[in-house]
Amino acid sequence: MVAVMSGVKLSGIGMTSQRTRARMLDRLRQQGVRDEEVLSVVGGIPRHIFVDEALSSRAYEDTALPIGYGQTISNPYTVARMTEILFAAGKLKKVLEIGTGCGYQTAVLAKLAQEVYSVERIAPLLVKARKNLQELRIGNVRLKHTDGGMGLPEVAPFDAIIMTAAATHVPQELLRQLVVGGRMVMPIGGQEQRLVLIEHAGQEYRETTLETVKFVPLLSGVE
Ligand code: SAH
């Protein structure tokens, strides 16, 4: 029964979603996303299954949408842009995502990296994410219910870390979990946030500010 229902959900928007998704990709290109591999992955993932059915018709708009528990699914531009930055130096084997939410960014990462670890502090969101990733038959992801502010030391080091909630500063512990040559992308700030790229260059960490962004805050503890 569940399988049949999810089948309906996957195909429910039907062929119109092909056109809607093509329009989304055109928009992402206009907004400056250049990596065709990332664009093809973003275009191939049905974003509508990650949101409540009542919001499905808005799933391919360039907007963050509520996913419950005061959290949001990131907008397609932000997901595509952060992914492009993360993969700009080449292929990645092991990636950590902090802030799984409903698993949309996780799904994009899973199509491009060998192994993805993603952590989320709100347990029911992790349940949603697990269901969504299973529906897409994505198997190279390990999800964990934990406060990701300190990363995932038991699995570190990572080739790349992506944080999808805004921190007030760069957590030093996360830098220690990057391999030399590794990359971390994260939003920093409160009301006003900037997206930063930090590269582990051996002796030093190089920080580059990329653009302004708007994310929910990184919170501590678990719910
Ligand atoms: N990656 C998601 C974005 C979800 S919003 C997407 O693709 O849409 C950010 C998520 O970060 C929220 O679900 C929030 O609960 C989670 N979060 C905030 N602080 C956290 C922390 N310290 N550890 C783990 N997850 C956290």
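Residues numbered from 1 in each chain as written. Predicted model: local features only at pLDDT ≥ 70, side-chain atom pairs only at ≥ 80, totals over all residues. Heavy atoms only, no water.

Visitor: I'd like a rundown of the pairing of strand β6 (residues 158-163), residues and numbers included.
Guide: For β6, a buried count of five out of six residues is recorded, marking the element as mostly surrounded by other parts of the structure. Here four bridges tie strand β3 (residues 94-98) to β6, and the two strands are oriented parallel to one another. In the sheet register, I98 faces β6, and the bridge partner there is M163. Pairing between β6 and strand β7 (residues 178-189): four bridges, direction parallel. By the bridge assignment, F158 is partnered in β7 with L178. (Buried < 20%, exposed > 50% of the residue type's maximum accessible area, 1.4 Å probe, protein only. Helix = DSSP H or I, 4+ residues; strand = E, 2+ residues; numbered from the N terminus. Pairing = 2+ DSSP bridges.)

Visitor: Pulling in residues and values, what's your account of the layout of surface pockets?
Guide: Roughly 480 Å³ of internal volume is contained in the largest pocket. What lines the largest pocket is a set of 34 residues, and nearest its centre among them are Q71, G99, T164, A165 and V216. Top contributing element to the lining of the largest pocket by residue count: strand β2 (residues 71-73), with three residues. In terms of residue class, the lining of the largest pocket is made up of 16 nonpolar, 13 polar and five charged. (1 Å grid on protein atoms, 1.4 Å probe; cavity = no way out; pocket = protein on both sides within 12 Å on 5 of 7 lines; lining within 4 Å. Points joined across faces, edges and corners; volume = space filled by probe spheres on them. Nonpolar A, V, L, I, M, F, W, Y, C, P; charged D, E, K, R; others polar.)

Visitor: If you had to explain the site of the ligand to someone new, which residues and values would you point to?
Guide: Residues in close proximity to the ligand total 25 residues, the closest being S74, Q105, E120, G148 and L219. One nitrogen or oxygen atom from the main chain of G148 is found 2.7 Å from a nitrogen atom belonging to the ligand. One of the backbone N or O atoms of L219 is found 2.6 Å from a nitrogen atom in the ligand. Computed on the free molecule, the ligand has an accessible area of 580 Å², of which 99% lies beneath the protein chains in the complex. Counting only elements with at least two residues in the shell around the ligand, the list comes to β2, α5 (104-112) and β4 (115-120). It is β2 that contributes the most residues to the shell around the ligand, three residues altogether. Classifying every residue of the shell around the ligand by side-chain character gives 10 nonpolar, 11 polar and four charged. (Near = heavy atom within 4 Å. Polar contact = N/O pair within 3.5 Å; in protein donor to acceptor, adjacent residues only side chain to side chain. Areas by Shrake-Rupley, 256 points an atom, 1.4 Å probe, with all protein chains shown as cover.)

Visitor: Describe the confidence of the model for the protein, naming the residues involved and giving the relevant values.
Guide: Note: predicted coordinates in regions of low pLDDT should not be interpreted at a detailed level. Summing up the model confidence of the protein, the mean pLDDT is 93 and the portion of residues at 70 or higher is 93%. Within the model, pLDDT remains below 50 along residues 1-8, and this stretch shows one contact once partners closer than five positions in the same chain are excluded. (pLDDT = per-residue confidence, 0-100. Contact = heavy atoms within 4.5 Å.)

Visitor: Give a description of the packing of aromatic side chains that names residues and reports values.
Guide: Taken as a whole, this structure holds two aromatic pairs when the rule is applied. Judged by centre distance (5.5 Å) and plane angle (65°), the rings of F50 and Y104 are edge-to-face. With F50 in the loop between α3 (36-44) and β1 (65-68) and Y104 in helix α5, this pair connects stretches of sequence that are 54 residues apart. Side by side, F50 and Y104 carry an identical accessibility label, which is buried. Aromatic pair Y117 and F158: ring centres 6.1 Å apart, planes at 65°, arrangement edge-to-face. (Phe/Tyr/Trp six-rings, centres within 6.5 Å; stacked < 30°, edge-to-face > 60°.)

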